[in-house]
Amino acid sequence: MMAAAQFRSAISSSEKVDFLKLQNGSDIRGVAVAGVVREPVNLTEPATEAIAAAFAEWLLEKKKPAESRRLRVSIGHDSRISAQKLQDAVSRGIASAGVEVIQYGLASTPAMFNSTLTEDENFLCPVDGSIMITASHLPYNRNGFKFFTNTGGLGKADIKDILEHAANIYEKFTDESLKKSEQAANAAVRKVDYMAVYTSDLVAAVRKAAGNIEKPLEGFHVIVDAGNGAGGFFAGKVLEPLGAITIGSQFLEPDGMFPNHIPNPEDKAAMKAITQAVLQNKADLGIIFDTDVDRSAAVDSTGHEINRNRLIALMSALVLEEHPGTTIVTDCVTSDGLTAFIEKKLGGKHHRFKRGYKNVIDEAVRLNSIGEESHLAIETSGHGALKENHWLDDGAYLMVKLLNKLASARASGSDSGSKVLTNLIEGLEEAAVAVELRLKIDQNHADLKGGSFRDYGEAVLKHLENTTSSDPKLQKAPINYEGVRVSGHGGWFLLRLSLHDPVLPLNIEAPSNEDAVKLGLAVLAAVKEFAALEISALDKFVHQ
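The rules we used
- Residues numbered from 1 in each chain as written.
- Predicted model: local features only at pLDDT ≥ 70, side-chain atom pairs only at ≥ 80, totals over all residues.
- Heavy atoms only, no water.
- UniProt positions renumbered as here; feature names shortened; annotations may be inferred.
- Core = buried A, V, L, I, M, F, W, Y, C linked by side-chain atoms within 4.5 Å.
- Buried < 20%, exposed > 50% of the residue type's maximum accessible area, 1.4 Å probe, protein only.
- Helix = DSSP H or I, 4+ residues; strand = E, 2+ residues; numbered from the N terminus.
- Domains from an automatic or database assignment.
- Contact = heavy atoms within 4.5 Å.
- Salt bridge = Lys/Arg side-chain N within 4 Å of Asp/Glu carboxyl O.

As annotated in an unreviewed UniProt entry, the protein carries the name phosphoglucomutase (alpha-D-glucose-1,6-bisphosphate-dependent) and is attributed to Elaeis guineensis var. tenera. Per UniProt, the protein has the following entry under Cofactor (unreviewed entry): "Mg(2+)".

Here it is, written out as C-alpha cells:
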C-alpha cells in the first residue's frame, strides 16, 4: 500500500484539480504519468482517492444497506504502468467510506461488470459496485475509471455527480484523514482471482452451444493478439480448455508501454499485425482485443479483416439467426451497404443512432422498453452488447459468439473453418473509398465571438444542412440522430460534432475516388466561410 505520507506534500503543493475536466462521457479519463510534453498529470493519487470515496458514498446512497451489512466494491485494472498506484489510491478512497475493497488485479472491463452479477460467496460475489482502472487504447501516460453496479455502467449524469462530490472531498483532505484512509484500506482490502470465474463462464458458453462437448474447438487453430493489454487470458484460459491450438498468439504479456502496437481493433497497424500472424501460422481465425477487452475484432483464415461494418454485419447475421426480424442498433457512421445487408439480406431492421457505445446500448434498451425488440447494440469501434449478456459491451463475449458458430457448425458436420463466418457476410456491399477527416475548431479564434465551440459547430452543421438541401444531386437522410448525413454520387457523407472535443469529424464513403471528391466539395463549399474551422485536411482531399 502506498504510504499516505508520500503524497501529503503533493496535495498541499499541487494546483487545484478541475475534477469536471476529467469526465469523458460516462467514463473518467486523465493523465496519470508525467513525462509527455504539455500533458501535466491531473489524475493524481489524491484526486483518485477522492473520486473513489465519492463513488463509495454515491453507492451507499443508492443501495441504502442495512446497518449489519457492509457494501463491497471490486477493483480491477488493465496493463497500464500507473495501474498499481491508482489501485492503491482507489482502495483507500473506498475504504475511507466504510466499504469493503475486493482487489482483482489484472482484469477486463466486462469481468468487472460481471462481478456485480455473479452469485458465489467463495469469490465474495456479488459485489455492490465495481471500478475498472483503464483508459482503453489511449497512450501509456493516460488512465481512468469505469464504474458499474448490477444495472450496468454509470451514465454521464452519475459521473458528473461523483466528480462534483469528489471535488468537495478533495478540499477537505487532511494529513489525519489520509492516514485514517490508509489504515482503513489495510484492514478492508481482500484479493480474489475473479478472472477464473469469468473465463470459466465463457468456456461453458461455447461448450453449451456445441451440445456440451468438452473440447468443441479441438483442431481449430486460433491466434490471439492482446496488444500487451489485459486480454492475454483468452488464449490460455478460454481457447485452450476448448481444445483450440493457440500457437502463434502474440503480445499476450501485459506491458503498459504497449511496445508492439496500440491495442485497438480500429488501428491499421494492429489489424495488420494480427492478419500477418494468421497468414504466417496458417491459422483458422485471428482474434484481437483492445486494452481492457470491451472491444474486439477478428481475421479469417484468408487474412480478411472482420472489424467495423464487417463485424457488425457478422454479429447481425448471428443474432438474426436466433431472433428473426430483430432491430440492430448501431452508431451513426455505419455504411449504407450495412443497412441494405441487415434489412434486405438478413430481414432485420437497422436503427442507426448516435456515436458513443453508451448511447447505442441505452437506445437498444429504450427500444425494448417501448415494444420494439432489439438484441444487439454495436458500434463500428468494436463495442458490441447483446441483450442475452445483460447489455454488457464485452469483446470476449462477441468472440465467443463467433466461436459458438464454429463449434456448432463442426458439431452438425458442416465444418469449414472460418469460412462458415465469412459466408455469413457474403453480399455485404462495401464502398471502394472510405475516409474520415477531422475538422478542428480553433476555440481562440475571433469568429467564435466569445461563444462555445459547441455553438459554433452547431452553426456549421445548420449551414451545411441548408446548403445541401438546395442541391438536387444530394438527399438528406430521412432519419438521422446526429450531425448532417447526406446521400449522393453513389455514396454518402456525415458531418457531426464530436461528443467531447472541438472537432467536426467528416466521414465520406463512395464507389470511386471521383465520387468521394464530389461529396467532399459539397461539404467544403458550405464550411469554407467559417474562419475558425481548420479545413486543410478536407481541402487537401478534394484537390488530391
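Back to the write-up after that little detour.
Undergrad: Help me understand the nonpolar core in this model?
TA: Generally speaking, a soluble globular protein has its nonpolar side chains buried in company with each other. One finds Y104, L202, F234, M315 and M399 to be the most contacted residues of the largest nonpolar core, which totals 70 residues. The leading source of residues in this core is helix α13 (residues 395-411), at 10 residues. Residue assignment places this core across two domains, with domain 1 (19-192) and domain 2 (198-425) each supplying three or more. Once you skip the residues sitting within four places of it in the chain, M315 turns out to touch L376, I378, L386, L398, K401 and L402.

Undergrad: I tried to follow the pattern of salt bridges on my own but got confused; where do I start?
TA: A pair can form between side chains of opposite charge whenever their charged atoms are brought close. One pass over the full model with this rule turns up 31 salt bridges. A salt bridge links K64 to E61; the nearest nitrogen and oxygen atoms lie 3.0 Å apart. There is no split in this pair, since K64 and E61 are both exposed. With a shortest N-O distance of 3.2 Å, E372 and K349 are connected by a salt bridge. Of this pair, E372 sits in the loop between α12 (357-369) and β15 (374-378) while K349 sits in strand β14 (residues 349-352), and the two are 23 residues apart along the sequence. Judged by relative accessible area, which is 38%, K349 ranks as partly exposed. Beyond isolated ion pairs, a larger network of salt bridges with shared partners links E266, D290, R295 and R308.

Undergrad: What am I meant to see in the UniProt feature "domain: Alpha-D-phosphohexomutase alpha/beta/alpha" (unreviewed entry) in the protein here?
TA: The UniProt entry lists residues 25-169, 202-303 and 309-412 under the feature "domain: Alpha-D-phosphohexomutase alpha/beta/alpha" (unreviewed entry), expressed in the numbering used here. Here residues 309-412 runs as 52% helix and 17% strand, with 28 Å between its end C-alpha atoms.

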